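# Descriptive analysis of the structure
The lines below spell out each chain.
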Amino acid sequence: FEAPKFDVPKFEAPKSSGGGYDLDIPKFEAPKAPKVSMPSVPSFGGGSSSSVIDEDIEPQELRDQRAREARQVFLDADKEAKAIEAQARAVRNIANDKKKIANEKKDDA
């Protein structure tokens, strides 16, 4: 397969005396960016690099113990709630069975 041959017309843009194109483009100046200064870095007690334990912070072991106790309180409450929910499901099933019986008796009537 051969593509047909054709002649492309020649085009030359008008040239100005300066060697470039003679285009009237308006000048544009971008606004200058505002000066921004970085805030100073706060000092966190500087000077001493030794690990100083604050008097207000409780020991990790005490905080861990409190967390374990709170977790156990939650687990106990959750276990009790699940037991009550299971009992409620059983009672709901009994009520649904009685409703079926009542509907059957109603249909027979």
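In what follows, the accompanying structure is described.

### Observations regarding the overall build of the protein
Within the protein, the regular secondary structure consists of one helix and zero strands. Evaluated residue by residue, the protein yields a buried proportion of 0% over its 109 residues.

### Re the pattern of salt bridges
Summed over the entire model, instances satisfying the criterion amount to two salt bridges. In this structure, E58 engages R66 in a salt bridge whose closest nitrogen and oxygen atoms are separated by 2.9 Å. With a relative accessible area of 46%, R66 lands in the partly exposed category. The partner of K82 in a salt bridge is D78, with the nearest N and O atoms 3.5 Å apart. Taken as a pair, K82 and D78 lie in helix α1 (residues 60-108) at a separation of four residues, close to a single helical turn. Using a relative accessible area of 28% as the deciding quantity, one classes D78 as partly exposed.

Rules used in this analysis
The numbers attached to residues start from 1 for each chain and follow its sequence in the written order. This being a predicted model, a pLDDT of at least 70 is required before a residue's local features are given, and a value of 80 or more before pairs of side-chain atoms are given or counted; all residues contribute to the totals for chains, interfaces and linings. The basis for the side-chain values is all heavy atoms of the structure; hydrogens and waters are excluded. Secondary structure is summarised from DSSP: a helix means a run of H or I of at least four residues, a strand means a run of E of at least two, and numbering begins at the N terminus for each. The buried label applies to any residue whose accessible area, calculated with a 1.4 Å probe on protein chains only, is under 20% of its type's maximum; exposed applies above 50%, and partly exposed to all values in between. The term salt bridge refers to a pairing of a side-chain nitrogen on Lys or Arg with a carboxyl oxygen on Asp or Glu at a separation within 4 Å.

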